[in-house]
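# Geometric and topological summary
If you want the building blocks of each chain, they are given just below.
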Amino acid sequence: MCKEIADICSKHKVVIVGDFNFPHVDWEAHSVKGLDGLEFVKCVQDSFLQQYIEVPTRDGAVLDLLLGNAIGQLTDVCVGEHFRSSDHNSISFNIIMEKDRTGPRVEIFNWRKANFEGMRRDLERVDWVKLFYGKDVIEKWRSFKGEIMRVQNLYVPVRVKGKVKGLRAPWFSRDIINLVQKKRDVYNRYEVGLANKVKVNPKGFYSYIKSKRIVRDKIGPLENQSGQLCVEPKEMGEILNDFFSSVFTKEKDIELSKVWETSKEVMEPMTIKEVEVLALLRNLKVDKSPGPVRIFPRTLKEVCVEIAGALTEIFNM
């Protein structure tokens, strides 16, 4: 434990609280009677931790500790009465923290400065026949993906997204904020309208109030086949299970051999044409997510002519 405390204290501002059970440690003098707790006291000193509890927390000893490694980090430290059934005294305190307003650093592609002409010229020089020679469909796809990722990272610069106020998530854009505010305005007008018309339409008003209440309806008691009322969860579960089973339709078993005999049609080989692949690539929506493979639709659309043939070969395998 001492090693973990020393490691985290060397990197971060830390607050540690808990029952450490070192009754022979004098925290005012940082001295120990005997060996029990000596290593921990040395760890506290080496990690520049300050111990804030000065009065006993159980049976005349300071067993519960409050440690911090920053000046002015903890205020209003107070040892109170026992907490419910615990034989330890309660501890209350305030932590002074600085809110991080820089927001997350997000790296995104700067498509406005992308060199699509260079990307196309680079892919024109790729010998797909030689690259795909002797490979199965998985290996061809990996080779194709590698080339697309290479030119995408080479010709599209990366920029760091501007600072985000507070800790707002990267996806929480200005458009979403406006929609949330619009939703709140609509709800407010709706609630005000219901309140103004409560005498004209009381049913609508109270129906809305009822929908906002959190009410957990209790199941049971349930009556079994003998006419007895059951309140135990297991018994009520069996009653419900029996009822659900009674309304199920039992399907007849089907022999798979007969199914194969009646199905004689064979699907003919499918051939995908390059012109079809090219048309799909040209109609890609560039604002969609790239998915787990991280190939952006914008990249595929910009180089559709150069990659249509390679993709067609992969699809036709």
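In this report, the structure presented in the accompanying data block is examined. Given the structure is predicted, the values throughout are model-derived calculations rather than measurements. Residue numbers restart at each chain and count upward from 1, following the sequence in its written direction. Reporting of local features is limited, given that this is a predicted model, to residues whose pLDDT is at least 70; pairs of side-chain atoms are given and counted only at 80 or more, and all residues count toward the totals for whole chains, interfaces and linings. Hydrogens and water molecules were not included; the side-chain quantities draw on all heavy atoms of the structure.

## Some details on the environment of Val32
By definition, any uninterrupted DSSP run of H or I lasting at least four residues is a helix, any uninterrupted run of E lasting at least two residues is a strand, and each is numbered from the N terminus. Looking at where Val32 falls in the secondary structure, it is placed in strand β3 (residues 31-32). Along the backbone, Val32 and Phe22 are ten residues apart, and their C-alpha atoms lie at a distance of 9.1 Å. What makes two residues a contact is simply this: any of their non-hydrogen atoms within 4.5 Å. Those residues in contact with Val32 that lie beyond four places of it in its chain are His24, Val25, Gly37, Leu38 and Val41.

## Remarks on a negative patch on the surface
By definition, no residue in a patch forms a salt bridge, and every one has over 30% relative accessible area; like charges are joined within 9 Å, nonpolar side chains (Val, Leu, Ile, Met, Phe, Trp, Tyr) within 5 Å. Method for areas: the Shrake-Rupley scheme with a 1.4 Å probe, in which residue coverage is limited to the protein chains shown. Throughout this description, the term salt bridge denotes a Lys or Arg side-chain nitrogen within 4 Å of a carboxyl oxygen of Asp or Glu. Neither His nor the chain termini are counted; the positive set is Lys and Arg, and the negative set is Asp and Glu. Lysine's charge is taken at NZ, arginine's at CZ, aspartate's at CG and glutamate's at CD. A cluster of like negative charges, contributed by Glu232, Glu235, Glu238 and Asp242, occupies part of the molecular surface. Considering the arrangement of structural elements, one finds Asp242 in helix α8 (residues 233-247). A simple rule labels every residue: compare its accessible area, found with a 1.4 Å probe on the protein chains alone, to the largest value its type can have, and call it buried under 20%, exposed over 50%, or partly exposed in between. A relative accessible area of 46% places Asp242 in the partly exposed class.

## Comments concerning the sheet that holds strand β4 (residues 50-51)
Taken in spatial order, the three strands make up an open sheet running β1-β5-β4, and their pairing is antiparallel. Each edge of the sheet is formed by a strand with only one pairing partner; in this case those strands are β1 (15-19) and β4. Where β1 and strand β5 (residues 64-68) come together, five bridges link them in antiparallel fashion. Pairing of Val17 across the sheet is with Leu66, part of β5. Should DSSP find at least two bridges between two strands, the strands are taken to pair.

## Here's the deal with the side chain of Asn110
Its place among the elements puts Asn110 in the loop between β8 (107-109) and α3 (116-124). Classification of Asn110 as buried rests on a relative accessible area of 14%.

## A short note on the side chain of Thr299
Mapped onto the elements, Thr299 comes out in helix α11 (residues 297-302). For Thr299, a relative accessible area of 0% translates into the label buried. In this structure Thr299 touches Trp111, Met119, Ile148 and Gln152, once residues within four positions along its chain are discounted.

## Quick word on the environment of Gly18
One can find Gly18 in strand β1. Separated by 47 residues in sequence, Gly18 and Leu65 place their C-alpha atoms 5.7 Å apart. Once residues within four sequence positions are removed from consideration, Gly18 is found in contact with Leu63, Asp64 and Leu65.

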